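# Inside the fold
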Amino acid sequence: MKTVPHPATLRRAPVQRRSAERLTRILDACADLLDEVGYDDLSTRAVAQRAGVPIGSVYRFFGNKRQMADALAQRNLERYTARVTERLEGAGGGGWRVVMDAVLDEYIAMKRTAPGFSLVDFGNQIPVGTRGEPNHRVADRLTELLSGYLDREPDEDLRRTFLVSVETADTLVHLAFRVAPEGDDRILEEARELLRAYLARVLD
């Protein structure tokens, strides 16, 4: 999947295909190195070397490693949205329970498989331990994406419902992955049951 971050996260948006492919290689290298060395030891020079591009190509898009991590977080959100959309297109209805399973399952899958995701997530973790703004962004995106599946107006009530759900899932999924490297299945199931109980009260 060749998702390119939104231009707002870049110093300069890629115009040509070759430039977009170079940006993809830079972000892939950034993600791999985050898993290998962590954020503190990440450097733009190491990313350029891993991506096989001149250091100037990195600075064409990013002023520093924080901007690079922000762009990776934005790409994660785009890819997450695409994965949820694809899953729901093949689900054939089922109401909010099918929607909730898709949203939670794809988040857990990315935590387990997407390079760099455990540190960057959707922007929640850099600097380590910070949260808040990215969860609002995720809730807004889910409201926009899922209101049609739920046959609900994308109003403030639905946005608040998703924000509470996102904050809850974020906290409990991070707990599950602190307890076990691949995510403690019992905690993840508790998270699912808690979300089902809350959403049943709000959406049924």
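For the structure, check the block above.
To start, this report covers the structure provided alongside it. (Residues numbered from 1 in each chain as written. Predicted model: local features only at pLDDT ≥ 70, side-chain atom pairs only at ≥ 80, totals over all residues. Heavy atoms only, no water.)

Mapped onto the elements, F61 comes out in helix 3 (residues 55-61). Judged by its relative accessible area of 1%, F61 falls in the buried class. For F61 and L10, which are 51 residues apart along the polypeptide, the C-alpha to C-alpha distance reads 5.3 Å. (Helix = DSSP H or I, 4+ residues; strand = E, 2+ residues; numbered from the N terminus. Buried < 20%, exposed > 50% of the residue type's maximum accessible area, 1.4 Å probe, protein only.)

Packing of helix 7 (residues 133-150) against helix 8 (residues 156-179) leaves a shortest axis separation of 8 Å and a crossing angle of 125°. One finds that helix 7 runs oblique with respect to helix 8. Crossing of helix 7 over helix 8 shows right-handed handedness. From helix 7, N135, H136, V138, A139, D140, L142, T143, L146, S147 and L150 reach across to helix 8, where they touch L158, R159, F162, L163, V166, E167 and D170. Its residues assigned to classes, the contact of helix 7 with helix 8 shows nine nonpolar, four polar and four charged. (Axes fitted to C-alpha atoms, helices over the stretch in contact; angles between N-to-C directions. Parallel < 35°, antiparallel > 145°, perpendicular 65-115°, else oblique. Left-handed = near helix turned anticlockwise from the far one by under 90°. Contact = heavy atoms within 4.5 Å. Nonpolar A, V, L, I, M, F, W, Y, C, P; charged D, E, K, R; others polar.)

Using the criterion set out here, one finds 18 salt bridges in the structure. For D105, the salt bridge goes to R87, with nearest N and O atoms at 2.8 Å. On the criterion of sequence distance, the pair formed by D105 in helix 5 (residues 95-113) and R87 in helix 4 (residues 65-89) is long-range, its members being 18 residues apart. On the basis of relative accessibility, which here comes to 23%, the residue D105 falls in the partly exposed class. Take R87: its relative accessible area is 33%, and that puts it in the partly exposed class. (Salt bridge = Lys/Arg side-chain N within 4 Å of Asp/Glu carboxyl O.)

Our next topic: the packing of aromatic side chains. All chains considered together, the criterion is met by six aromatic pairs. Residues Y107 and F117 carry aromatic rings whose centres are separated by 6.0 Å and whose planes lie at 70° to one another, so their mutual orientation is edge-to-face. Taken together, the residues span a long stretch of sequence, with Y107 in helix 5 and F117 in helix 6 (residues 117-120) at a distance of 10 residues. You'll find Y107 and F117 in the same group, each marked buried. With a centroid separation of 5.8 Å and 25° between ring planes, the pair formed by Y107 and F122 is classed as stacked. Of the two residues, Y107 is situated in helix 5 and F122 in the loop between helix 6 and helix 7; the sequence distance between them amounts to 15 residues. Across this residue pair, the class does not change: Y107 and F122 are buried. An aromatic cluster of at least three residues, connected via ring pairs, comprises Y80, Y107, F117 and F122. (Phe/Tyr/Trp six-rings, centres within 6.5 Å; stacked < 30°, edge-to-face > 60°.)

Time to look at helix 2 (residues 44-51). The α-helix advances 3.6 residues per turn, and as a result positions three or four apart in sequence lie on the same side. All of the buried residues in helix 2 are T44, V47, A48 and A51. End-on, the buried residues of helix 2 take up no more than an arc of 100°, which puts them together on one face. When the buried face of helix 2 is taken as reference, the exposed residues oriented beyond 90 degrees from it are R45 and Q49. Residue G52 follows helix 2 closely and has a positive phi angle near 70°. (Arc of directions from axis to C-beta.)

Side chains of D151, E153, D155 and E156 sit close together on the surface and give a patch of like negative charge. Along the polypeptide, E153 turns up in the loop between helix 7 and helix 8. (Patch = residues over 30% accessible without salt bridge, like charges linked within 9 Å, V, L, I, M, F, W, Y side chains within 5 Å. Areas by Shrake-Rupley, 256 points an atom, 1.4 Å probe, with all protein chains shown as cover. Lys, Arg positive; Asp, Glu negative; His and termini not counted. Charge placed at Lys NZ, Arg CZ, Asp CG, Glu CD.)

Attention now goes to helix 7. Taking 1.5 Å of rise per residue, 18 residues should cover 26 Å, and helix 7 covers 25 Å from first to last C-alpha, within 8% of that figure. Along helix 7, the sharpest kink reaches roughly 35°, centred on E144. Here helix 7 has its buried residues at P134, N135, V138, A139, R141, L142, T143, L145, L146, S147 and L150. Buried residues belonging to helix 7 abut helix 4, helix 5 and helix 8. (Expected span 1.5 Å × (residues − 1). Bend = angle between axes of the 7 residues up to and from the residue.)

Moving on, we get to the nonpolar core. Counting residues in hydrophobic clusters, the biggest one holds 36 residues, and the most contacted among them are Y80, L142 and L146. Secondary-structure elements contributing two or more residues to this core are helix 4, helix 5, helix 7, helix 8 and helix 9 (185-203). Residue contributions to this core peak at nine residues, all from helix 5. When sequence neighbours within four positions are dropped, the list of residues in contact with L142 reads Y80, V103, S147, F162 and V166. The next biggest cluster of nonpolar side chains, apart from the first, holds 24 residues, and it includes A31, V53, F62 and V120. (Core = buried A, V, L, I, M, F, W, Y, C linked by side-chain atoms within 4.5 Å.)

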